[in-house]
There are 2 protein chains.
Amino acid sequence: MDSNENRKNDASYAEELDELSTVDLALELSDYEEEELKELCETHEDEELAGILEQSELKTQIRIIKILDNKRILRLFSYMSKDDIVDILGEVTAGKAKELINLMKEGDKKIINQLMGYRDDCAGGIMTTEYIKLDSSLLIKDAIAKIKEIVPKTELIDTIFVVNRSKKLIGTAKLRDILIAPEEDKLESITNEHYIYVEPETDQEEVSLLVSKYDLTAIPVLNKNKAMLGIITIDDIVDVMVEEHTEDILKIGGASKEETIDSTILESIKLRLPWLFVNLITAFLASMTVKSFESTIAQVVALSSIMSIVTGMGGNAGTQTVSIIIRNIAMKKVEFKDAGYLLGKQLLVNLVNGATIGAITGLIISVIYNNFYLGIIVFLAMIANLIISGICGILIPLVLAKAKLDPALSSTIFLTTATDVLGFFVFLSLANVFLPYLI
Amino acid sequence: MDSNENRKNDASYAEELDELSTVDLALELSDYEEEELKELCETHEDEELAGILEQSELKTQIRIIKILDNKRILRLFSYMSKDDIVDILGEVTAGKAKELINLMKEGDKKIINQLMGYRDDCAGGIMTTEYIKLDSSLLIKDAIAKIKEIVPKTELIDTIFVVNRSKKLIGTAKLRDILIAPEEDKLESITNEHYIYVEPETDQEEVSLLVSKYDLTAIPVLNKNKAMLGIITIDDIVDVMVEEHTEDILKIGGASKEETIDSTILESIKLRLPWLFVNLITAFLASMTVKSFESTIAQVVALSSIMSIVTGMGGNAGTQTVSIIIRNIAMKKVEFKDAGYLLGKQLLVNLVNGATIGAITGLIISVIYNNFYLGIIVFLAMIANLIISGICGILIPLVLAKAKLDPALSSTIFLTTATDVLGFFVFLSLANVFLPYLI
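Residues numbered from 1 in each chain as written. Chains lettered and ligands numbered in written order. Predicted model: local features only at pLDDT ≥ 70, side-chain atom pairs only at ≥ 80, totals over all residues. Heavy atoms only, no water.

Comments concerning the overall build of chain A
Part 1: Summing up its helical and strand segments, chain A has 22 helices and 5 strands in all.
Part 2: Taking 22 Å as the expected radius of gyration for a compact globule of 439 residues, we find that chain A reaches 30 Å, considerably beyond that expectation.
Part 3: The C-alpha extent of chain A, read off along each of the three principal axes, is 90 × 60 × 40 Å.
Part 4: Expressed as a percentage of the 439 residues in chain A, the buried residues total 54%.
Part 5: Put simply, 67% of the contacts in chain A that link residues at least 6 apart link residues at least 24 apart.
Part 6: Surface summary for chain A: the accessible area is close to 19500 Å², and the carbon and sulfur share equals 55%.
Part 7: Here chain A carries 42 positive and 66 negative side-chain charges, and the mean point of each set is 8 Å from the other. (Helix = DSSP H or I, 4+ residues; strand = E, 2+ residues; numbered from the N terminus. Rg over C-alpha atoms; globule rule 2.2 N^0.38 Å. Buried < 20%, exposed > 50% of the residue type's maximum accessible area, 1.4 Å probe, protein only. Contact = heavy atoms within 4.5 Å. Areas by Shrake-Rupley, 256 points an atom, 1.4 Å probe, with all protein chains shown as cover. Lys, Arg positive; Asp, Glu negative; His and termini not counted. Charge placed at Lys NZ, Arg CZ, Asp CG, Glu CD.)

See the structure below:
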């Protein structure tokens, strides 16, 4: 405990642990042993430890919470914002969470219980209940005095929320306007009554789109009666965007969003196997399509080496389309009703690309295998499969989105099933028709 | 021009065109005809039109610029921030840009020319030169007076940059601390000298990682001598994140980041064909591998329908790995030196997954084709190909990143080339060895 005392008395030490160092220290903790974490808890005062806790990864937060007794945890919570507390409570056992909530003050208990009710990927789950809310009838000078008073207890942001007497939001005021407005004016004179808001159930990705579109620094969360429940600040939106970006890439690649670089071998196996099983089913579908043409292949073995070129190119062309559609759905730039227009354009694009790729492939094949008709079959099958891939590439993600399923998760598997099964079918059927010319 | 006059005289109209309506109007403009755009330019005053211009899409900006004469453009520029002006100048013809820059005031000319020198996906290209920079020796009350004076001309953000006499950045001060500090204190007393900064050449994705990691609202851009060149605000970072997210998804899907939902048919064809050609080469590589085993396949036609199951599952398992590695490289959580540790883990995961999927597939195949050895071959080939896919899934993106190439762009194509070519090779070689038992 000596080093503890030393540190406490060392003013420059406390000064050095500013917000930036807190982040660095917090992120290092995931590598700490149990003993080191215990020492950290003992050598840091409540406010500092709360700051560290807020910035650490979830796994680390749980480890720290386990070390501390309830009294200390509640003291730490008093320095933390409610949304961070709720995130932590959501990860400990239900019993522990209940125990801690019951020890809280009545007011806090009510807010925490309300926040715990929201899914953590919607506006209610990411909003904070600490923000500056002022009455519209305040004079500017009184508003400034109030702001100075509230500021130490909350994040200062450049948007102040202006409410009427019944606490309903009537608009927003910019801090810059407050600072330069005449002192005796009323706050309502600089209040902008045209504002964007979300409801607590709004999906976090939609919230981030609004913040990005309108360059907002904070967005209010209102209930059906337009009463303010909280706000979502842009720095939380940045975290949401990082999270959604990661999720999208992992989903498209068929990996689970829960898998991290630190997942154990057992976790990785468990998270990956289900997706491989789903893919195995589609692989068998394609395989059975080929099997039904076994007698054709037996007569022209060359087909076995050529057919995967046609299906592969269909998959590639379809993936190009799917990725554009998925992203535009996520950005709300495309929806089901656009299908007709998109399909028309897509058909032409893939007709041209199919004919180009098909002509080149057909030419090479007819030279390699010294058979003109084999080239013609490849040419026709390539056009057909690229058109199929274009149609599926548009319709699959749009239909999934319409059915409220995530197009990023399952579009590719439906697409490759279609381009594999139909690609093999078209190519081998054509081969069957031209069989006399191939033997 | 009547409606123009009417509008100008209508106070409530001007009031209504606030920041939010400006965004909505600006985004609608992409659907405007030439005539409508002209009317818009005529009916809006400079400041309003500048606001609209700043928020519209690049294509629309160029169309508007073409309508206006140089004098009006320069008047609009006077209401816009330098980074937005540079974005626009980057899109018009070089001649037009030069013409406009030459008409600017000397001070502006210098800044614009300097900004034009940076790539638009690096810190210098997205930074703004309007921000609040105060001398550390100022008294708090004077700092507040200065802030009130500067605020109408700049974005107010909660971070004030504190410089010394030679204009070098020495730290940052939070507006909240300035508002509540004793009036007679010096600014330096609340300055935090521990700050994060970037250089103008820093990649925008790296900037967004720092802003997200440290919950910053603005990050200063410094040259080698620590002199301030500008700042990047969090709302610009949000735009960067949306852009990088789109790019990543399109790249992984083999689509070009330049293709949008509004691209013409010709643009789409031009942007997609090159990627299809690259894929065609790898498809031929796989095809030639199969061709070299034609005599084996001729004796056991069943191989032709089974082989794509093995290669397909290798591709799927590899894509899972690749997507996790790509994302962790982007987030700077993984680099080349971690390859050894990652490979060890991956080998075990894919050994187990390969054995599981292989056993199931082998069992089904041996029943369908009524041949035990065929099942054994599938089992062994599946394990081998999943291990290959694991090794490639780790090494390909890490090596690409090490070579300063974008792993999101080309990892999948190298991966599927490997899993296809090696998958066919392993499976058909095994079939060759077991040939007597298969006929």
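Some thoughts on the relation of the copies chain B and chain A
Part 1: It takes a turn of 180° to lay chain B on chain A, together with a shift of 0.0 Å along the axis; the resulting RMSD is 0.1 Å. Both chain copies can therefore be described as sitting about a two-fold axis.
Part 2: Taken as a fraction of all interface residues of chain B, those also at the interface in chain A reach 100%, which identifies the copy contact as same-surface. (Least-squares fit on C-alpha atoms with pLDDT ≥ 70 in both.)

As for the sheet that holds strand 3 (residues 169-174) of chain B
Adjacent strands of a sheet pair through backbone hydrogen bonds, lying either parallel or antiparallel.
Residues and elements named next belong to chain B.
Part 1: If you walk across this open sheet you meet the 3 strands as 1-2-3, and the pairing is mixed. The open sheet has two edge strands, strand 1 (133-135) and strand 3, and neither has a second partner. Strand-to-strand twist of the sheet, defined as the mean angle between neighbouring strand axes without regard to direction, takes the value 35°. (Pairing = 2+ DSSP bridges. Axes fitted to C-alpha atoms, helices over the stretch in contact; angles between N-to-C directions.)

Here we look at the confidence of the model for chain A
Residue and element names in this part refer to chain A.
Part 1: The pLDDT averaged across chain A works out to 90; a share of 96% of its residues lies at or above 70.
Part 2: Taken element by element, chain A is modelled with least confidence in helix 1 (residues 2-9), mean pLDDT 38, and with most confidence in helix 20 (residues 372-402), mean pLDDT 97.
Part 3: For the stretch residues 1-16, pLDDT sits under 50, and the model shows 13 contacts to residues farther than four places along the chain or on other chains.
Part 4: The ipTM for the predicted assembly is 0.85, set against a pTM of 0.86. (pLDDT = per-residue confidence, 0-100.)

Brief notes about the interface of chain B and chain A
Part 1: Contact residues are listed per partner, giving 108 residues for chain B and 108 residues for chain A.
Part 2: When the two sides are added together, the surface that chain B and chain A hide from each other amounts to roughly 10000 Å², 69% of it contributed by carbon and sulfur.
Part 3: Taken together, the connections running from chain B to chain A amount to 2 salt bridges.
Part 4: With a shortest N-O distance of 3.7 Å, B:Asp24 and A:Lys213 are connected by a salt bridge.
Part 5: The interface formed by chain B and chain A contains 32 residue pairs in polar contact (both at pLDDT 80 or more).
Part 6: Mapped onto the side of chain B that touches chain A, the elements with two or more residues apiece are helix 3 (19-28), helix 13 (175-180), helix 14 (204-213), helix 15 (234-252), helix 16 (265-291), helix 17 (294-299), helix 18 (302-330) and helix 19 (339-368) of chain B.
Part 7: The element that contributes the greatest number of residues to the side of chain B that touches chain A is helix 18 of chain B, accounting for 18 residues.
Part 8: Taken together, the residues that form the side of chain B that touches chain A break down as 59 nonpolar, 28 polar and 21 charged. (Buried area = accessible area lost by both parts, 1.4 Å probe. Salt bridge = Lys/Arg side-chain N within 4 Å of Asp/Glu carboxyl O. Polar contact = N/O pair within 3.5 Å; in protein donor to acceptor, adjacent residues only side chain to side chain. Nonpolar A, V, L, I, M, F, W, Y, C, P; charged D, E, K, R; others polar.)

Section: the pairing of strand 2 (residues 159-163) of chain A
All names here are of chain A.
Part 1: When you tally the buried positions in strand 2, you get 5 out of 5 residues, the bulk of the element.
Part 2: Covered by surrounding structure in strand 2 are Thr 159, Phe 161 and Val 163 together with Ile 160 and Val 162, the residues of both alternating faces.
Part 3: Pairing of strand 1 (residues 133-135) with strand 2, which is carried by 3 bridges, proceeds in the parallel orientation. Across the sheet, residue Leu 134 finds its bridge partner in strand 2, namely Val 162.
Part 4: Inspection of the sheet shows strand 2 paired to strand 3 (residues 169-174) by 5 bridges, in the antiparallel sense. Bridge pairing in strand 3 places Val 162 opposite Gly 171.
Part 5: Linking strand 2 to strand 3, which pair antiparallel, is a turn of 5 residues; within it Lys 167 sits at a positive phi near 65°.

Re a negative patch on the surface
Residue and element names in this part refer to chain A.
Part 1: Side chains of Glu 33, Glu 35, Glu 36, Glu 39 and Glu 42 sit close together on the surface and give a patch of like negative charge.
Part 2: Positionally, Glu 33 belongs in the loop between helix 3 (19-28) and helix 4 (34-43).
Part 3: Given the relative accessible area of 54%, Glu 33 is considered exposed. (Patch = residues over 30% accessible without salt bridge, like charges linked within 9 Å, V, L, I, M, F, W, Y side chains within 5 Å.)

Some details on the nonpolar core
Part 1: Core analysis: the biggest nonpolar cluster contains 106 residues, and A:Leu89, A:Ile232, B:Leu89 and B:Ile232 have the highest contact counts within it.
Part 2: B:Leu276, B:Ala302, B:Val426 and B:Phe427 belong to the second-largest nonpolar core, a separate cluster that totals 86 residues. (Core = buried A, V, L, I, M, F, W, Y, C linked by side-chain atoms within 4.5 Å.)

Looking at the packing of aromatic side chains
Part 1: Per the stated rule, a full pass over the model turns up 14 aromatic pairs over all chains.
Part 2: In this structure an aromatic cluster arises from ring pairing among A:Phe372, A:Tyr373, A:Phe434 and A:Tyr437. (Phe/Tyr/Trp six-rings, centres within 6.5 Å; stacked < 30°, edge-to-face > 60°.)

Remarks on the side chain of A:Glu130
All names here are of chain A.
Part 1: Tracing the chain through its elements places Glu 130 in the loop between helix 11 (123-126) and strand 1.
Part 2: Polar contacts involving the side chain of Glu 130 include one to the side chain of Thr 128, which spans 2.9 Å.
Part 3: Filtering out sequence-adjacent residues up to four positions away, Glu 130 remains in contact with Ser 81, Lys 82, Thr 154 and Ile 231.

Brief notes about the pattern of salt bridges
Where charged atoms from two side chains of opposite charge approach closely, those side chains can pair.
Part 1: Counting across every chain of the model gives 32 salt bridges over all chains.
Part 2: In this structure, A:Lys337 and A:Asp338 form a salt bridge, with 3.6 Å as the shortest nitrogen-oxygen distance.
Part 3: For B:Glu247, the salt bridge is made with B:Lys251, and the minimal N-O distance between the two is 3.6 Å. With B:Glu247 and B:Lys251 both in helix 15 and 4 residues apart, the pair spans about one turn of that helix.

A short note on the packing of helix 4 of chain A against helix 6 (residues 58-67) of chain A
Two numbers describe a pair of packed helices, the interaxial angle and the distance between the axes.
All names here are of chain A.
Part 1: The interhelical angle for the contact between helix 4 and helix 6, taken along N-to-C directions, is 70°, at an axis separation of 10 Å. Classified by the angle their axes make, helix 4 and helix 6 are roughly perpendicular. The way helix 4 lies across helix 6 gives a crossing that is right-handed. On helix 6, the residues touching Glu 34, Leu 37, Lys 38, Leu 40 and Cys 41 of helix 4 are Arg 63, Ile 64 and Ile 67.
Part 2: Classifying every residue of the contact of helix 4 with helix 6 gives 5 nonpolar, no polar and 3 charged. (Parallel < 35°, antiparallel > 145°, perpendicular 65-115°, else oblique. Left-handed = near helix turned anticlockwise from the far one by under 90°.)

A closer look at the sheet that holds strand 3 of chain A
Residues and elements named next belong to chain A.
Part 1: Pairing is mixed across the open sheet formed by 3 strands, whose spatial order is 1-2-3. Edge positions in the sheet fall to strand 1 and strand 3, since each of these pairs with one other strand and no more. Taken pair by pair, the neighbouring strands of this sheet meet at an average axis angle of 35°, ignoring direction.

Side note on the pairing of strand 5 (residues 228-233) of chain A
Residue and element names in this part refer to chain A.
Part 1: Counting buried positions along strand 5 yields 6 of 6 residues, so the element is predominantly enclosed.
Part 2: Relative to strand 5, strand 4 (residues 218-222) runs antiparallel, the two sharing 5 bridges. Within the sheet, the bridge partner assigned to Val 221 lies in strand 5 and is Gly 230.
Part 3: Linking strand 4 back to strand 5 in an antiparallel pair, the connection comprises 5 residues, with Lys 226 at a positive phi of about 65°.

Some details on a nonpolar patch on the surface
Part 1: Taken together, the side chains of A:Met288, B:Leu363, B:Ile364 and B:Ile368 present a nonpolar region at the surface, about 320 Å² in accessible area.
Part 2: The biggest single contributor to the nonpolar patch is helix 19 of chain B, with 3 residues.
Part 3: Looking at the secondary structure, you find B:Ile368 in helix 19.

With respect to unusual backbone geometry
What is expected of a backbone is that most residues other than glycine have negative phi and most peptide bonds are trans.
Residues and elements named next belong to chain A.
Part 1: At Lys 332, a position not held by glycine, the phi torsion is positive, near 60°.
Part 2: Along the chain, Lys 332 falls in the loop between helix 18 (302-330) and helix 19 (339-368).
Part 3: Here Lys 332 falls in the exposed class, since its relative accessible area comes to 55%.

Notes on the environment of A:Ser137
Residues and elements named next belong to chain A.
Part 1: Along the chain, the position of Ser 137 falls in the loop between strand 1 and helix 12 (140-150).
Part 2: For the pair Ser 137 and Asn 164, spaced 27 residues apart in the sequence, the C-alpha separation amounts to 7.8 Å.
Part 3: Those residues in contact with Ser 137 that sit more than four places away from it in its chain are Arg 165 and Lys 186.
Part 4: There is a polar contact of 2.7 Å between the side chain of Ser 137 and the side chain of Asp 135.

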